Amino acid sequence: MRVLFVLVFSCLLATCFADDLDDYEINNNTFSEDFLFGTATSAYQVEGAWDEDGKGENIWDRLTHTTELIKDKSTGDIACDSYHKYKEDVALLKDLGVSHYRFSLSWSRILPTGFANKVNTAGVTYYKNLIKELKDNDIEPFVTIFHWDTPQPIHDAGGWTSEFVVDWFADYARVVFELFGEDVKYWLTFNEPKQTCHEGYGSAKKAPAISSPGVGEYLCTHNLLKAHARAWHIYDEEFRSTQNGKISIVIDTPWYEPATEDDEDAAERKRQFVFGWYANPIFNGDYPEIMKTRIAERSELEGFGESRLPAFTKDEIDYIKGTYDYLGLNSYSSYMVKTDPEPDIGSPSWDDDTGIYEYQLDDWIPAASDWVRVTPWGMRKLLAWVKKTYNNPAIIITENGFSDDGTYGDDATRILYYQTYLSNVLDAIIEDEVNVFGYTVWSLLDNMEWMVGYTEKFGLYQVDFSSKNRTRTAKPSVDYYKKVIQTRCLVDTCETDTKKR
Ligand code: PNW
């Protein structure tokens with residue numbers, strides 16, 4: 001039996017959107033007892049203490065201190081001050097009842113020069129303390145090794161466009177496995193590599209804000225994939241037998257829905273350019289054929305001597321293929337896709353290489369972030385597509401969430417977002433037999449939202465950035481998420497006989 005539940009929420013909204021959410025049925029089965037419910041943050045976005053206790057400078061410190069690119073001209077110098085308030089954060093997590101907390105390590109806090117020549121003991125102590133506090137409270141640490149904050153000296157030496165970064169990252173990964181591996185059972189090498197490479201080196205929309213469209217992002221990705229594979233193999237060969245953990249990567253994508261039946265190829269092309277760019281080498285071997293073909297053709301028409309997409313050798317393909325123990329999936333929203341078969345040949349760009357147009361519909365309920373609209377059906381379609389395309393991997397949703405602008409009020413839209421997305425996750429598990437073993441809300445706290453500073457707030461907890469104390473206050477969605485975690489149920493009453501599933 002299923003219940004219609006959402007009507008109440010959709011009409012609490014100031015505007016009732018045409019894409020009526022009262023059409024959504026909420027799954028009233030339960031999540032299994034061992035399904036993981038958690039929440040996430042990243043180092044630069046919450047820690048602050050940017051130059052404290054020996055931490056080195058990273059590319060976000062440099063960008064925020066030396067440019068005017070951040071919307072509210074803010075920095076992550078203090079952020080949520082989690083470097084000093086981690087015990088308070090863990091108390092919030094405990095109160096929520098989560099099974100896991102996903103956070104990232106700041107490379108520059110552990111290795112201030114970026115290189116493994118010098119380990120910063122105080123930085124190591126911070127993460128040891130955080131991990132101990134989590135474990136003392138029965139919360140499993142999910143540790144992201146790299147969440148966009150490249151050490152400045154690594155960037156100065158060539159960053160992700162230098163092949164040597166593979167060695168530098170491998171050295172860093174070995175250090176953190178040695179230091180923390182006894183207590184960490186779930187590792188993630190990279191968070192959302194597309195954001196690092198496309199936005200960092202292609203479109204210049206994120207640090208280090210390099211504009212090299214159609215070239216820089218492919219080079220960055222090539223090195224990053226090799227670095228991921230190297231870290232996976234180091235773990236596999238040197239640490240797995242004693243530490244018994246699992247290691248993978250986080251890949252992000254919206255769901256891309258064809259605008260008409262004729263646009264299915266375009267939608268699939270876009271999925272491959274966004275997600276397959278990273279997932280295909282790791283899960284199936286090598287870049288997607290469609291990327292190899294299109295980029296080679298367009299490069300030739302543009303007068304390049306070789307494809308702008310670098311090629312892996314056969315050995316590299318074999319080395320990268322299979323470097324996952326599970327999949328970390330981040331997804332927030334959906335786009336409609338129409339074909340744009342051959343954008344003009346001119347200056348190269350990844351966008352033109354994809355050959356599509358995309359847009360969101362006005363009647364999808366918007367968040368404060370212009371790229372997030374409430375499209376829960378996209379989550380189910382995405383999960384089914386990942387299952388089919390990548391051989392049914394074990395998946396944990398490592399990020400999903402909704403932003404407000406500070407005026408969250410009764411928080412009804414965020415509650416609606418979690419409820420409808422989780423309902424679609426449950427549909428995917430029960431009806432499509434997708435192997436999803438966990439779900440992670442982005443984010444525990446309102447935090448430094450990169451280029452838009454503190455203007456878009458994804459937190460379950462509001463943070464008062466004007467107070468020295470960075471006071472945390474629960475938004476109403478905390479109660480809803482707590483109840484879901486306790487009861488495993490998304491509505492008031494669930495069927496009881498499915499508990500053991
Ligand atoms: C993620 N998109 O970024 C990051 O992992 C977080 O650090 C960030 O705070 C969070 O999502 C919210 O922005 C994304 O345009 C940024 O599709 C942009 C997109 C997806 C994820």
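This text gives an overview of the structure that appears in the document. (Residues numbered from 1 in each chain as written. Predicted model: local features only at pLDDT ≥ 70, side-chain atom pairs only at ≥ 80, totals over all residues. Heavy atoms only, no water.)

1. Section: the overall build of the protein
Consideration 1: Helix and strand counts for the protein come out as 17 helices and 15 strands.
Consideration 2: The globule rule puts the C-alpha radius of gyration for 501 residues at 23 Å, and the 22 Å found for the protein is close to it.
Consideration 3: By its C-alpha atoms, the protein is 60 × 55 × 45 Å across when sized along the principal axes.
Consideration 4: Counting every position in the protein, which comprises 501 residues, the buried fraction comes to 62%.
Consideration 5: Within the protein, contacts between residues at least 6 apart in sequence are counted, and of these 77% link residues at least 24 apart.
Consideration 6: Between the mean site of the 50 positive side-chain charges and the mean site of the 83 negative ones, the protein shows a separation of 4 Å. (Helix = DSSP H or I, 4+ residues; strand = E, 2+ residues; numbered from the N terminus. Rg over C-alpha atoms; globule rule 2.2 N^0.38 Å. Buried < 20%, exposed > 50% of the residue type's maximum accessible area, 1.4 Å probe, protein only. Contact = heavy atoms within 4.5 Å. Lys, Arg positive; Asp, Glu negative; His and termini not counted. Charge placed at Lys NZ, Arg CZ, Asp CG, Glu CD.)

2. Topic: the sheet that holds strand S10 (residues 334-339)
Consideration 1: Strand order in the open sheet formed by three strands is S8-S10-S11, with mixed pairing between adjacent strands. At either margin of the open sheet sits one strand with a lone partner, and together these are strand S8 (255-258) and strand S11 (356-359). If you compare each strand with its neighbour and ignore which way they point, the axes differ by 40° on average.
Consideration 2: Pairing of S10 with S11, which is carried by four bridges, proceeds in the antiparallel orientation. (Pairing = 2+ DSSP bridges. Axes fitted to C-alpha atoms, helices over the stretch in contact; angles between N-to-C directions.)

3. Some details on the state of the cysteines
Consideration 1: Tallying each qualifying case throughout the model produces two disulfides.
Consideration 2: Disulfide pairing places Cys197 opposite Cys220 at an S-S distance of 2.0 Å. With the S-S bond torsion at -65°, the cross-link from Cys197 to Cys220 turns out left-handed. Residue Cys197 is located in helix H9 (residues 193-202), and its partner Cys220 is located in helix H10 (residues 216-243); the two are separated by 23 residues in the primary sequence. Per residue, the accessibility class of Cys197 equals that of Cys220, and both read buried.
Consideration 3: Bridging Cys489 to Cys494, the disulfide has an S-S length of 2.2 Å. (Disulfide = S-S within 2.5 Å.)

4. As for the packing of helix H16 (residues 412-430) against helix H17 (residues 477-487)
Consideration 1: Interhelical geometry of H16 versus H17 gives an angle of 25° and a closest axis separation of 9 Å. On the basis of the axis angle, H16 is roughly parallel to H17. As for the relative orientation of H16 and H17, their crossing is right-handed in sense. Judged by residue contacts, Arg414, Ile415, Tyr418, Gln419 and Leu422 of H16 engage Ser477, Tyr480 and Val484 from H17. (Parallel < 35°, antiparallel > 145°, perpendicular 65-115°, else oblique. Left-handed = near helix turned anticlockwise from the far one by under 90°.)

Everything listed here is a matter of geometry and, on its own, says nothing about what the molecule does.
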